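Residues per chain are reported as follows:
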Amino acid sequence: MSIETLGEAYRLSWRVRARCLRGTIEAPKRLIRCDFVAELDMQTLVWAKGLRFPLGRLGSRLMCPRYGSRDVNVIFEPPPTAARVAAR
Ligand SMILES: [Zn+2]
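Residues numbered from 1 in each chain as written. Predicted model: local features only at pLDDT ≥ 70, side-chain atom pairs only at ≥ 80, totals over all residues.

Helix and strand counts for the protein come out as three helices and three strands. By the burial criterion, 8% of the 88 residues in the protein qualify as buried. Intrachain contacts of the protein at a sequence separation of at least 6 include 66% that bridge at least 24 residues. (Helix = DSSP H or I, 4+ residues; strand = E, 2+ residues; numbered from the N terminus. Buried ≥ 20, exposed ≤ 12 C-beta atoms within 10 Å, placed from the backbone. Contact = placed C-beta atoms within 7 Å.)

The structure is reproduced here in structure tokens:
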């Protein structure tokens, strides 16, 4: 089963985290690495973007609050119970 929209992820109680990639690609001497990780609120995302918003486009809409970087990776995680079932 593949999840493609916010609505599907929301219905399945997936969690979403964002990780800032600032400094991991460009020269480390000039850039401070950020690596800021935050859990995003799925409920808020659904209200803001709508149920049909594609998960793949979420990263390009986010901005890290620490240095204002738009180079953000988004990680979707199934709820802990589903993960346990899948691991069997
Ligand atoms: Zn950052």
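Bringing the sheet that holds strand β3 (residues 72-77) into the picture now. Sheet architecture is open: three strands sit in the order β2-β1-β3, paired in antiparallel fashion. Each edge of the open sheet is held by one strand with a lone partner, namely β2 (37-40) and β3. Mean inter-strand twist for the sheet, computed between neighbouring axes without regard to direction, equals 25°. (Pairing = 2+ DSSP bridges. Axes fitted to C-alpha atoms, helices over the stretch in contact; angles between N-to-C directions.)

Where burial is concerned, little of helix α2 (residues 42-49) is hidden: zero out of the eight residues are buried. Just downstream of α2 lies Gly50, where phi reads positive at about 95°.

On to the environment of Trp14, then. Along the polypeptide, Trp14 turns up in the loop between α1 (6-11) and β1 (15-20). In sequence terms Trp14 and Ile3 are 11 residues apart; their C-alpha atoms lie 9.9 Å from each other. Contact partners of Trp14, with chain neighbours within four places excluded, come to Ile3, Ala9, Met42, Phe76, Glu77, Pro78 and Pro79.

For the rest of this paragraph, the subject is unusual backbone geometry. Note: most residues except glycine have negative phi, and most peptide bonds are trans. With a phi close to 60°, Ser13 is a non-glycine residue in the positive phi region. Located in the positive-phi region is Asp35, a residue other than glycine, with phi close to 60°. For Asp35, the location among the structural elements is in the loop between β1 and β2. Take Asp35: there are 13 C-beta atoms within 10 Å of it, and that puts it in the partly exposed class.

Positionally, Arg57 belongs in the loop between α2 and β3. On the basis of neighbour counts, which here come to 11 C-beta atoms within 10 Å, the residue Arg57 falls in the exposed class. Linking Arg57 and Thr5, residues 52 residues apart in sequence, is a C-alpha distance of 9.6 Å.

Right, let's talk about the environment of Asp41 for a bit. Here Asp41 lies in the loop between β2 and α2. For Asp41, a count of 12 C-beta atoms within 10 Å translates into the label exposed. Along the sequence, Asp41 and Arg17 sit 24 residues apart, while their C-alpha atoms lie 8.6 Å from each other.

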